[in-house]
Amino acid sequence: MTALMEKIRQEHKSIAEEVSQLFRETHEFLSATTADREELAKKQAQYLRQFHQNLEQTTHEFLTETKKERFAQAQAQAKFLHEFYQELEQTTHEFLAETAKNRTEQAKAQRQYLHQFRQDLFASIFGTHI
């Protein structure tokens, strides 16, 4: 029975050594995996920081350029509208002046016509001119 106990102890010791060895290997594997993943995470974080900085820079440059272009467009449009307004104002002034002149001439002609009509009417009725 001592031999059996010794054999059981040996098996127990062998199993304990195997478990201990398995534990060490598992611990080493997990440590290596953790280190690899931490390194990968650091690289990804660095890449993402750089990407973010590049994106911010590109966005800033784009917005600055767009702002300049839109400001230039707004200035050009304001200049165009100012010139259009001045031209419209001038055209309106000329139109109104020409219309007033035409109406004055029409009024004079109509006055003259009515004066002549009146004289003709009196001449036909009374036989004399006024």
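This structure is a prediction, so every number in the text was calculated from the model and none was measured. Chains are numbered independently. Their residues run from 1 in the order of the written sequence. Where local features are concerned, this predicted model is filtered to residues with pLDDT of at least 70; where side-chain atom pairs are given and counted, the filter is 80 or more; whole-chain, interface and lining totals use all residues. With hydrogens and water set aside, each side-chain value is computed from the structure's full complement of heavy atoms.

Moving on: the overall build of the protein. Helix and strand counts for the protein come out as one helix and zero strands. When we talk radius of gyration, it's over C-alpha atoms, and the globule rule is simply 2.2 Å times the number of residues to the 0.38. For 130 residues, the compact-globule formula gives about 14 Å, and the C-alpha radius of gyration of the protein, at 53 Å, lies well above that figure. Along the first, second and third principal axes, the C-alpha atoms of the protein reach 175 × 30 × 10 Å. Counting only residues that meet the buried cut, the protein has 2% of its 130 residues in that class. Charged residues are defined narrowly, with Lys and Arg counted positive, Asp and Glu counted negative, and His plus the chain ends left uncounted. Charge coordinates come from a single atom per side chain, which is NZ of Lys, CZ of Arg, CG of Asp or CD of Glu. Across the protein, 17 positive and 20 negative side-chain charges occur, with their mean positions spaced 6 Å apart. Only DSSP runs of H or I covering at least 4 residues are called helices, and only runs of E covering at least 2 are called strands; the numbering of each starts at the N terminus. Burial classification: accessible surface area is computed with a 1.4 Å probe over protein chains only, and a residue below 20% of its type maximum counts as buried, one above 50% as exposed, and the rest as partly exposed.

In this section: the packing of aromatic side chains. Each pair of aromatic rings taken from Phe, Tyr and Trp, with Trp reduced to its six-membered ring, is defined by centres within 6.5 Å and is described as stacked if the planes are under 30 degrees apart, edge-to-face if over 60, and tilted in the remaining cases. Counting across every chain of the model gives four aromatic pairs. Centre to centre, the rings of Phe80 and Phe84 are 6.4 Å apart; their planes meet at 20 degrees, and the pair counts as stacked. One end of the pair, Phe80, and the other, Phe84, are both in helix H1 (residues 2-126), four residues apart, so they sit about a helical turn from each other. By relative accessible area, which is 53% here, Phe80 ends up exposed. With a centroid separation of 5.5 Å and 20 degrees between ring planes, the pair formed by Phe122 and Phe126 is classed as stacked. A residue pair is termed a helical-turn pair when its members lie 3 or 4 positions apart in one helix, as Phe122 and Phe126 do in helix H1 at four residues. Residue classification places Phe122 among the partly exposed residues on the basis of a relative accessible area of 23%.

This next bit is on H1. Over its 125 residues, H1 runs 172 Å from end to end, which matches the ideal 186 Å to within 8%, given 1.5 Å per residue. Once H1 ends, the next one or two residues include Gly127, with phi positive near 80 degrees. For a helix, the expected span equals 1.5 Å multiplied by the residue count minus one.

Here Gln119 shows up in helix H1. Residue classification places Gln119 among the buried residues on the basis of a relative accessible area of 17%. Polar contacts involving the side chain of Gln119 include one to the side chain of His115, which spans 2.8 Å. Within 3.5 Å is the distance limit for a polar contact, defined as a pair of N or O atoms, with the added protein rule that one can donate a hydrogen and the other accept it, and that residues adjacent in sequence qualify only through two side-chain atoms.

Once that is clear, we can look at the environment of Leu114. Along the chain, Leu114 turns up in helix H1. Distance from Leu114 to Thr33, taken between C-alpha atoms, is 114 Å for residues 81 residues apart in sequence.

Moving on to the environment of Thr92. With respect to the helices, strands and loops of the structure, Thr92 is situated in helix H1. Judged by relative accessible area, Thr92 falls into the partly exposed class, the value being 35%. Side-chain polar atoms of Thr92 contact the backbone oxygen of Leu88, separated by 2.7 Å.

Surface patches are drawn from residues lacking salt bridges whose relative accessible area is over 30%; two like charges belong together within 9 Å, two nonpolar side chains (Val, Leu, Ile, Met, Phe, Trp, Tyr) within 5 Å. Computed by Shrake-Rupley with a 1.4 Å probe, the accessible areas treat only the displayed protein chains as cover when residues are assessed. Salt bridges are counted wherever a side-chain nitrogen of Lys or Arg sits within 4 Å of a carboxyl oxygen of Asp or Glu. A contiguous nonpolar patch, built from Tyr113, Leu114, Phe117, Leu121, Ile125 and Phe126 and spanning about 670 Å² of accessible area, is present on the exposed surface. Relative to the elements of secondary structure, Tyr113 occurs in helix H1. According to the relative accessible area criterion, Tyr113 is exposed, its value standing at 55%.

In this section: the environment of Met5. Here Met5 shows up in helix H1. Between the alpha carbons of Met5 and Phe122 there is a distance of 162 Å; along the sequence they are 117 residues apart.

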